[in-house]
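# Geometric and topological summary
Listed here are the chains, written in short residue letters.
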Amino acid sequence: MKRIAGMWSWLSRLPLVLQVIALLASVLSFLVIAFLVFLLCVDLIGGVVIFFPALHTKEVNVEIGDGWVRVEPASIPRTNYVTFNVTNAGTETHMFVVVETTIAPDKFPMENDQVRSYAYVDEPEWFAAVHQQYGFKAGEIPPGVPPPTPEPMGGVLIAPGKTAVVERWGSYMQRFESGTVLVLFCNCPDHYERGEYTTLTIR
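Notes on the structure in this doc start here. (Residues numbered from 1 in each chain as written. Predicted model: local features only at pLDDT ≥ 70, side-chain atom pairs only at ≥ 80, totals over all residues. Heavy atoms only, no water.)

### Side note on a nonpolar patch on the surface
Rules: Residues qualify for a patch when their relative accessible area is over 30% and they have no salt bridge, like charges being joined within 9 Å and the nonpolar side chains of Val, Leu, Ile, Met, Phe, Trp and Tyr within 5 Å. Method for areas: the Shrake-Rupley scheme with a 1.4 Å probe, in which residue coverage is limited to the protein chains shown. A pair is scored as a salt bridge if a Lys or Arg side-chain nitrogen falls within 4 Å of a carboxyl oxygen belonging to Asp or Glu. Throughout, exposure labels follow a simple rule: accessible area from a 1.4 Å probe, protein chains only, divided by the maximum for the residue type, with under 20% read as buried, over 50% as exposed, and the rest as partly exposed.
Among the surface-exposed residues, L16, V20 and L24 lie close enough to one another that they form a single nonpolar patch of about 310 Å² accessible area. You can call L24 exposed: its relative accessible area is 57%.

In structure tokens:
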């Protein structure tokens, strides 16, 4: 209490303008410290990161060839965003697709030589694995909605020798948690079955 009283006594001897400036500086310092603590807490609990998203981004390099896909590094720490720098190292046009799933990377549902869209609701495990929420249970078609057609999953087309930047973030802008597996693959006809897929693990 004596220290606070001494501080107030020192402040009271200053001109009024300087007193106001000192008080405003004190309040501003408190707010800045509180804001930084808030950001730290948000980061620690893996919550929604709205401020400075670049601080929560990891970059990986992907190469797609004719019959293969490589990613470097093969695993990354927990993060909110992943930026994929995807280069087509083959002689054909390739389609880059990335999904978060618990399904084995070589067991995706197929339709007409392409990976079937995850919105195809007759695949309950696939539906649940990519965290789609349509307001009804996986495997059910809500009243008044016609059965969906099996469309292939779409992605970014990349011409031979070209590079594309693809961003992916966690569910609702939240962090990808440890153990998450992202499957990276090409969904041009026959390409997935030729082995054009790999995985990126969140460690």
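### A few points about the packing of aromatic side chains
The geometry of an aromatic ring pair is captured by the separation of the ring centres together with the interplanar angle, meaning the angle of the planes. We apply this condition: Working definition: rings of Phe, Tyr and Trp (its six-membered ring) pair if their centres are within 6.5 Å, and the pair is stacked with planes under 30 degrees apart, edge-to-face with planes over 60 apart, and tilted otherwise. Secondary structure elements are defined from DSSP: runs of H or I of at least 4 residues count as helices, runs of E of at least 2 residues count as strands, and each element is numbered from the N terminus.
In this structure the tally under the stated criterion is five aromatic pairs. Where F108 meets F185, the ring centres are 5.5 Å apart and the plane angle is 75 degrees; that geometry is what we call edge-to-face. With a gap of 77 residues between them, F108 in the loop between β5 (94-100) and β6 (110-111) and F185 in strand β10 (residues 181-186) connect regions that are remote in the sequence. Like F185, F108 is buried.

### Some words on the sheet that holds strand β8 (residues 156-158)
We apply this condition: Strands were regarded as paired on the criterion that DSSP finds at least two bridges between them.
Taken in spatial order, the five strands make up an open sheet running β3-β11-β10-β5-β8, and their pairing is mixed. Of all strands in the sheet, those bounded by a partner on one side alone are β3 (75-76) and β8. With five bridges connecting them, β10 and strand β11 (residues 197-202) associate as antiparallel partners. When the sheet's bridge partners are listed, L182 is paired in β11 with L200.

### A few points about unusual backbone geometry
Cis rather than trans, the peptide bond between E72 and P73 has omega equal to 0 degrees. Within the fold, P73 resides in the loop between β2 (68-72) and β3. Of note in the backbone geometry, D113 takes a positive phi value of approximately 70 degrees without being a glycine. Along the chain, D113 falls in the loop between β6 and β7 (114-115). Classification of D113 by relative accessible area gives partly exposed; the value is 37%.

### Things to note about the environment of T83
Along the chain, T83 turns up in strand β4 (residues 81-88). When the C-alpha atoms of T83 and V60 are compared, they prove to be 6.3 Å apart, with 23 residues separating the residues in sequence.

### Regarding the state of the cysteines
Under the convention used in this document: Two cysteine sulfurs form what is called a disulfide whenever their separation falls within 2.5 Å.
Summed over the entire model, instances satisfying the criterion amount to zero disulfides. Summary of cysteine pairing: C186 is not part of a disulfide, and the nearest cysteine sulfur, belonging to C188, is at 3.9 Å.

### A short note on the pairing of β2
Going residue by residue along β2, you find V69 and V71 tucked away on one face and W68, R70 and E72 left uncovered on the opposite face. Taking the residues between adjacent antiparallel strands as the criterion, strand β1 (residues 57-65) and β2 are bridged by two residues, where G67 takes a positive phi near 110 degrees.

### Some words on the sheet that holds β4
Each strand in a sheet pairs with another by means of backbone hydrogen bonds, the pair being arranged parallel or else antiparallel. We count it as follows: Interaxial angle, 0 to 180 degrees, is taken between N-to-C directions of lines fitted to C-alpha atoms, where a helix line uses only the stretch in contact.
What the four strands build is an open sheet, ordered β2-β1-β4-β9; its pairing is mixed. Among the strands making up the open sheet, the edge pair consists of β2 and β9 (163-169). Averaged over all pairs of adjacent strands, the angle between their axes in this sheet comes to 25 degrees, without regard to strand direction. Bridge count between β1 and β4: eight bridges; the pairing is parallel. Across the sheet, I64 pairs through a bridge with N88, a residue of β4.

### Concerning the pattern of salt bridges
Overall, the coordinates contain five salt bridges when judged by the stated rule. Between R78 and E177 there is a salt bridge; the shortest N-O distance is 3.3 Å. Placement of the pair is R78 in the loop between β3 and β4 and E177 in the loop between β9 and β10, with a sequence separation of 99 residues. Accessibility expressed as a relative area gives 37% for R78, which makes it partly exposed. On the basis of relative accessible area, E177 is assigned to the partly exposed category, the value being 36%. A salt bridge links E196 to R194, with the nearest nitrogen and oxygen atoms 3.1 Å apart. Under the relative-accessibility criterion, R194 is labelled partly exposed at 37%. Connected through salt bridges with shared partners, the residues E92, R194 and E196 form a single ionic network.

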